[in-house]
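Residue-level structure breakdown
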Amino acid sequence: MTGEQIIFLVVALFTLGSGFMVVTTGNLVHAALWLVSTLFGVAVTYALLNASFLAVVQVVVYIGAIAILFIFAVMLTRKDMRDQGPQMNKNWWIGALLAVMTFGGLVALLQGWSGLSKTVSAIPTGFDAVTELGTELVSPAGYVLPFEVASVLLVAALVGAVYVAFNRK
Amino acid sequence: MTTETLIWLIPLPPILAFFLIVLLTNKSKTLSHTVGVGAAFLSWVVSMFVFVRALGVEHLGEEPFTSSINWLPTGNTWLKIGVLIDPLGAAVLFFVSITILMIFLYSVGYHNFGQPAGDHDRKGLPPHGATVEEHGHKHVVPSVEPMYSRFFAFLALFAFGMYVLVVSDNLLTMFVGWEIMGLCSYLLIGFWYGKESARNAAIKAFMTTRIGDVFMLLGIAFLYSATGTLTFREIFREETLHALASVPSIWGFSTAGIIALLLFIGTVGKSAQFPLHVWLPDAMEGPTPVSAMIHAATMVSAGVYAVIRMFPLLSLDPKTMSVVAFIGAFTALFAATIAVAQNDIKRVLAYSTISQLGFMIAALGVGAYIAAVFHLITHAFFKALLFLGSGSVIHGMEHGVLHTGNHDVDPQDMFNMGGLKNKMPITFWTFLIGGFALSGFPIITAGFWSKDEIFADAFANGHIVVFITLATAAFLTAFYTMRQITLTFLGEPRTKEAEHAQETPWTMTTPLVILAFFAVTYGWVGIPEHFPALGGLVPNWFHEFVGGTLAEHPEVIEFSWIPLLTSLVVALGGLTLGYFVYRNVNSPAEDRLQIPVLKNKWYFDEIYDFLFVKPATWFAETFVYKWMDKGVIDGVLHIFGPITQGLGTIIRNYIDLPIINRLIGDGSADVTYWFGGKLRAVQTGRVQQYLIFALVTFVAIGAVLFAFGLLA
Amino acid sequence: MVPLSWYLIFAAALFSIGLFGVLSRRNAVAILLGIELMLNAVNINLAAFWRYGNVMDMTGQVFAIIVFAVAAAEVSVGLALVISVYRRRNTVVADEIDMMKW
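Remember, predicted model here, so these are calculated numbers, not experimental data.

Okay, the overall build of chain B next. The secondary structure content of chain B amounts to 28 helices and four strands. The buried share of chain B, reckoned over its 712 residues, is 50%.

So, in structure tokens, the structure goes:
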């Protein structure tokens, strides 16, 4: 087992464990915090994959904004400071079953694919992924259109969220 | 235009007039009578044209004017119809056209054209007078007939029927004209349909002539089946006649005899011979021009004309001839006996017509062909004259009735008249001429010549019984005619109404004068050759001309003094006796001939009523109507109703409501509702449940596809 | 020398965990947490395929960036909705928000 593999395994287990805690813990604030740790694990995974920009953006956007937002939402929707009742609904075992079956199904599908045991190829020297990503994002021959549309989407979400959650008192 | 085309055109103006009046000019009296009289005049002109041309043809009998068309396809052959003017046709055409024209003209005045509309005149009743103010003084004048145009329309249709009968060359169209006249007699006798007596008389006339028509139709059918043709000239061919005469039929008659007998029964009906004579006196209910038309000029003459036409067929069987002669002679005497007891001026003339027709039929029965035709023509003239004259008298009397306002006085009763000679001179003189012609006044009246010829023929051929019967009838004829003239015109007026009688307008007296002319002069075209002194001066044109119709020209009768003397005695004797008896009779009570049996027409109407009318009425009312129609037929229908209704109720209550409505209709609705209720539970509104459902389905489909190897 | 399959299996597991959370949690906010896990799993997949495929082709990363934006938008609107529903009905239990039914 090479060093890379060990690091990867540790990170993966950490992330999966945190994810599991997200979905099982009774206390919602705890769940949000476990989400933070999961997101952090995912950021490390990005770094492992040499997607440095994605790792940074993950931390800044997901953890810095979205997780915080979750905590806010949890705070705002608590009747009192204690959690109430069970956190799993009546038919949680169907959900579990389905999750297992999905996992099994995905893995089974993957087995039939030849390129599964590919190994990573080296990054060519002088290739700066971030610069290249930036160029791609704004070049007309590239992905400027999806980029702009995504920004419009964000504007719409912004307006929508404000409107929906507006307190008309 | 050829003569044949002209002959086709003769019946056309009257039928056009009929349609024009009915469809267009009904509202305008002037237009209607102009169209009617104009049509009669036009037909008269064309008829005269044809007649004159016919006179100019030598041997018209062998080569008559004839034209026919293929009409009805009958297998490989055609039934043809067409026109024929042989000498008989020409002679008949002459008198028919002129009498019809005179009657049309007369009707204008008779129906009081130009007079104001009546005070309370209604359509269907005779007009009753209008009150007019003149110099501040009211009096009642005759009013115009409300149904004026209709009269001319019917008269035109009648004229059409007669013309068709006269010009036709075959039995079929002759029968068509015959029936049209039957219809018109119904329409015209019942012209004043508001009167019940007129309605009954119309039905009686139609029914009685119809009985005769049925037998005639049988005869026509028999003839057609025996010979295969209905055209006169083809029937009267030597071979055909011979064939018909030799084939025997029932009761000892030959085929020709039976056919002729059947056709003769048609004439018995139409010409009111015994026993079908009962309709003619009642037909006096119609207006006087109708009586003149029907009983002088056209309809009854049509009956005799039919027998004359079929004479070649008739003369083949001596048995049929005897039947014909018997009925003719019997009727002549029978009707004359009734006429002497009648008080209504028109009834006398009616029975007189029956009697004179009997003369003609008897003449044919003894083989006196020319005499019969001659008498037919002269009778038409003087009988039309007498009828129109009687109409004139009645008109004058009505004037008196309107003057006195006494409507209980019958203007037609001769015992209410008297002394009209001075009040209505033209009518008197023309009526006198007509009456003398009817009686057979010697030399100067046409009736003498024709009657004398009948006597001569009968005597010469040895039919003594017929001769004596006819002589007796002639005596009675002269007697009642003079009775009529005496009571009506001579002496003093017996009532106030007669005192106030007036002469009638020119439209009525002019035809009288014209007809009187013919009543006098027509006899001179048929003076027998061997007549003492006068015979031979003027050729017997009539005998030559009309005789040419028959295949064998009838021989000239040898002169004998006995018939001549007999006819002189009966005529003059009857006239004198009538005058002397009746110049002092002023009321029915004084009249010794008012014997009940004679007055009531030998009770034949009552006999027929008992024998035929009552059973027929019972049959119609009780048997057919009550028992069959209401009982049986309606009964069956009344069964169907409840059955259907019951069936319907059963179907409704046992099938429709429980099965179709509840089971199928409501049932399916309930089932659907129940299912819907159960299925609703799926939609819980919970998102997670929806997601689970979606994923389960997704996985299931994925597994299925994977198992089938469709997934990579 | 981490083979691609490890990354993919890792992403699949994270995805399944997130799916479990979506289907089984009572609280509506917790459901959204599960959705976030699923989106992150997808992103890992994309990044892995980028790295183990043609590195010069930035499509994978661009796709992942877009997914970020979409996730952010979705979370904000979703939480706004949850908050709004909470204000109205005073509950965040998903099973109790069941008005869209017959």
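Right, let's get into the overall build of chain A. Tallying secondary structure elements over chain A gives six helices and zero strands in all. If you list the helices and strands of chain A from N to C, you get α-α-α-α-α-α. For chain A, with 169 residues in total, the buried portion stands at 25%. Counted over contacts in chain A with a minimum sequence separation of 6, partners at least 24 positions apart contribute 51%.

To continue, consider the interface of chain A and chain C. Contacts between the two partners involve 70 residues from chain A, matched on the other side by 59 residues from chain C. Those elements that place two or more of their residues in the side of chain A that touches chain C are α1 (3–24), α2 (28–48), α3 (52–76), α4 (92–111), α5 (129–138) and α6 (144–164) of chain A. Among the elements that take part in the side of chain A that touches chain C, α4 of chain A stands out by supplying eleven residues, more than any other. Each residue belonging to the side of chain A that touches chain C can be placed in one class, and the counts come to 50 nonpolar, 16 polar and four charged.

A word on the interface of chain B and chain A. Taken together, the contact pairs six residues of chain B with eight residues of chain A. Across the side of chain B that touches chain A, the residue classes break down as four nonpolar, two polar and no charged.

Turning our attention to the pairing of strand β1 (residues 65–74) of chain B. All names here are of chain B. Counting buried residues along β1, only one of its ten residues qualify, which leaves the element largely exposed. Sheet analysis places β1 next to strand β2 (residues 77–85), joined by nine bridges and oriented antiparallel. Note that in β2 the partner of N70 across the bridge is K80. Hairpin remark: β1 followed by β2, antiparallel, with two residues in the connecting loop; positive phi at G75, about 65 degrees.

A word on unusual backbone geometry. With an omega dihedral of 5 degrees, the bond running from F274 of chain B to P275 of chain B counts as a cis peptide bond. Looking at the secondary structure, you find P275 of chain B in the loop between α10 (255–270) and α11 (279–282). A positive phi angle, close to 55 degrees, is found at A272 of chain B, a residue other than glycine. Locating A272 of chain B in the fold gives a position in the loop between α10 and α11. Even without being a glycine, N90 of chain C presents a positive backbone phi close to 60 degrees. As for its position among the elements, N90 of chain C is in the segment after α3 (59–89). Exposure remark for N90 of chain C: the 10 C-beta atoms within 10 Å place this residue in the exposed category.

Residue and element names in this part refer to chain B. Packing of helix α4 (residues 87–110) against helix α23 (residues 506–521) brings their axes to within 7 Å, and their N-to-C directions diverge by 150 degrees. Relative to α23, α4 is oriented roughly antiparallel. The way α4 lies across α23 gives a crossing that is left-handed. On α23, the residues touching M102, L105, Y106, V108, G109 and Y110 of α4 are T507, M508, T510, P511, I514 and L515. The residue makeup of the contact of α4 with α23, split by class, is nine nonpolar, three polar and no charged.

Residues and elements named next belong to chain B. At a minimum axis distance of 10 Å, the contact between α4 and helix α17 (residues 369–404) shows a crossing angle of 5 degrees. As summarised for this structure, α4 and α17 are arranged roughly parallel, according to the angle between their axes. Residues L88, A91, F95, T99, M102, I103, Y106 and Y110 of α4 form the contact with α17, whose own contacting residues are V373, I377, A380, F381, A384, L388, G391 and H395.

The subject of this paragraph is the confidence of the model for chain B. Averaged over every residue, the pLDDT of chain B is 86; residues scoring 70 or more account for 99%. Predicted as a complex, the structure gets a pTM of 0.66 and an ipTM equal to 0.91.

What follows deals with the pairing of strand β4 (residues 137–141) of chain B. Relative to β4 of chain B, strand β3 (residues 130–134) of chain B runs antiparallel, the two being bridged by five bridges. Bridged to V132 of chain B within β4 of chain B is H139 of chain B.

Calculation rules
Along each chain, residues carry numbers from 1 onward, in the same order as the chain's sequence is written. In the order they appear in the text, chains get letters beginning with A and ligands get numbers beginning with 1. pLDDT decides what is reported in this predicted model: residues at 70 or higher carry local features, side-chain atom pairs at 80 or more are listed and counted, and totals for whole chains, interfaces and linings draw on all residues regardless. Segments assigned H or I by DSSP are reported as helices when at least four residues long, segments assigned E as strands when at least two residues long, and all are numbered from the N terminus. Residues with at least 20 neighbouring C-beta atoms inside 10 Å of their own are called buried, those with 12 or fewer are called exposed, and the rest are partly exposed, where every C-beta is derived from the backbone. We call two residues in contact whenever the C-beta atoms placed from their backbones are within 7 Å. Polar here means any residue outside two lists: the nonpolar Ala, Val, Leu, Ile, Met, Phe, Trp, Tyr, Cys and Pro, and the charged Asp, Glu, Lys and Arg; Gly therefore counts as polar. A pair of strands counts as paired when DSSP detects no fewer than two bridges linking them. Axis lines are fitted to C-alpha atoms, over the contacting stretch for helices. Their N-to-C directions set the angle, which ranges from 0 to 180 degrees. Here is the rule for angles: anything less than 35 degrees is roughly parallel, anything more than 145 is roughly antiparallel, 65 through 115 is roughly perpendicular, and the remaining ranges are oblique. Crossing handedness: left-handed means the near helix sits turned counterclockwise from the far one by under a right angle, and right-handed means the same turn made clockwise. The pLDDT score gives, residue by residue, the confidence of the prediction method on a 0 to 100 scale.

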